[in-house]
Amino acid sequence: GVDQTTDFENYILSFADEGVFQAVIDENTTEGMWSVGISSSRELELVLDLGEVAPLGELSDSWVVKSLTDNSIELIDVSGGDGSVETLVIQRVE
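Residues numbered from 1 in each chain as written. Predicted model: local features only at pLDDT ≥ 70, side-chain atom pairs only at ≥ 80, totals over all residues. Heavy atoms only, no water.

Q: Would you explain the overall build of the chain in this entry?
A: For the chain, the helix and strand inventory stands at one helix and seven strands. Starting at the N terminus, the α and β elements of the chain follow one another as α-β-β-β-β-β-β-β. In summary, the chain has a C-alpha radius of gyration of 13 Å against a globular reference of 12 Å for 94 residues, a match within 12%. Within the chain, the fraction of its 94 residues that count as buried is 26%. (Helix = DSSP H or I, 4+ residues; strand = E, 2+ residues; numbered from the N terminus. Rg over C-alpha atoms; globule rule 2.2 N^0.38 Å. Buried < 20%, exposed > 50% of the residue type's maximum accessible area, 1.4 Å probe, protein only.)

Written out as structure tokens, the structure reads:
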């Protein structure tokens, strides 16, 4: 797959109460929603909805939680079309 890290590396992501999700870069804030559930394959999943505007629209999906620590979460999304796998790693910044 294509490494899109540079598209997102300067964003600060915030998961707030009530399912509110924010992505901030420079002085621009995009709000969306987040939720947690169980996928059809009975795996823990994180659902992000930030709309369709690039590049954040790329994150709007149901992501399966592959690993979770106090400082990071690794998520994957398997394409229903060609079976390709996208990986998203979110790290805590102090």
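Q: So what exactly am I meant to see when it comes to the nonpolar core here?
A: A general feature of soluble globular proteins is that nonpolar side chains tend to end up buried together. Leu48, Leu56, Leu59, Leu75 and Leu88 are the most contacted members of the largest nonpolar core, which totals 15 residues. When contributions to this core are tallied by element, the ones reaching two or more residues are β2 (20-25), β4 (44-49), β5 (61-68), β6 (72-78) and β7 (85-91). Leucine 48 has contacts with Phe15, Phe21, Met33, Trp34, Leu59, Ser60, Asp61, Trp63 and Leu88, leaving out every residue within four places of it along the chain. (Core = buried A, V, L, I, M, F, W, Y, C linked by side-chain atoms within 4.5 Å. Contact = heavy atoms within 4.5 Å.)

Q: How should the pattern of salt bridges be read in this particular structure?
A: Pairing of side chains with opposite charge becomes possible as their charged atoms draw close. Within this structure, the stated rule accounts for one salt bridge. Between glutamate 43 and lysine 66 there is a salt bridge, with the nearest N and O atoms lying 3.4 Å from each other. Separated by 23 residues along the polypeptide, glutamate 43 in the loop between β3 (28-38) and β4 and lysine 66 in strand β5 bring together distant segments of the chain. Its relative accessible area of 28% is what places glutamate 43 among the partly exposed residues. (Salt bridge = Lys/Arg side-chain N within 4 Å of Asp/Glu carboxyl O.)

Q: Quick question: what am I supposed to make of the packing of aromatic side chains here?
A: The geometry of an aromatic ring pair comes down to the distance between the two centres and the angle between the two planes. Per the counting criterion, the structure on display carries three aromatic pairs. Summarising the aromatic geometry, the rings of phenylalanine 8 and tyrosine 11 are spaced 6.4 Å apart at their centres and angled 45 degrees between planes, so their arrangement reads as tilted. For the pair formed by phenylalanine 8 and tyrosine 11, the shared burial category is buried. Taken together, a centroid distance of 5.8 Å and an interplanar angle of 80 degrees make the contact between phenylalanine 15 and tryptophan 34 edge-to-face. Here the residue phenylalanine 15 occupies a position in strand β1 (residues 12-15), and tryptophan 34 occupies one in strand β3, the gap between them amounting to 19 residues. (Phe/Tyr/Trp six-rings, centres within 6.5 Å; stacked < 30°, edge-to-face > 60°.)

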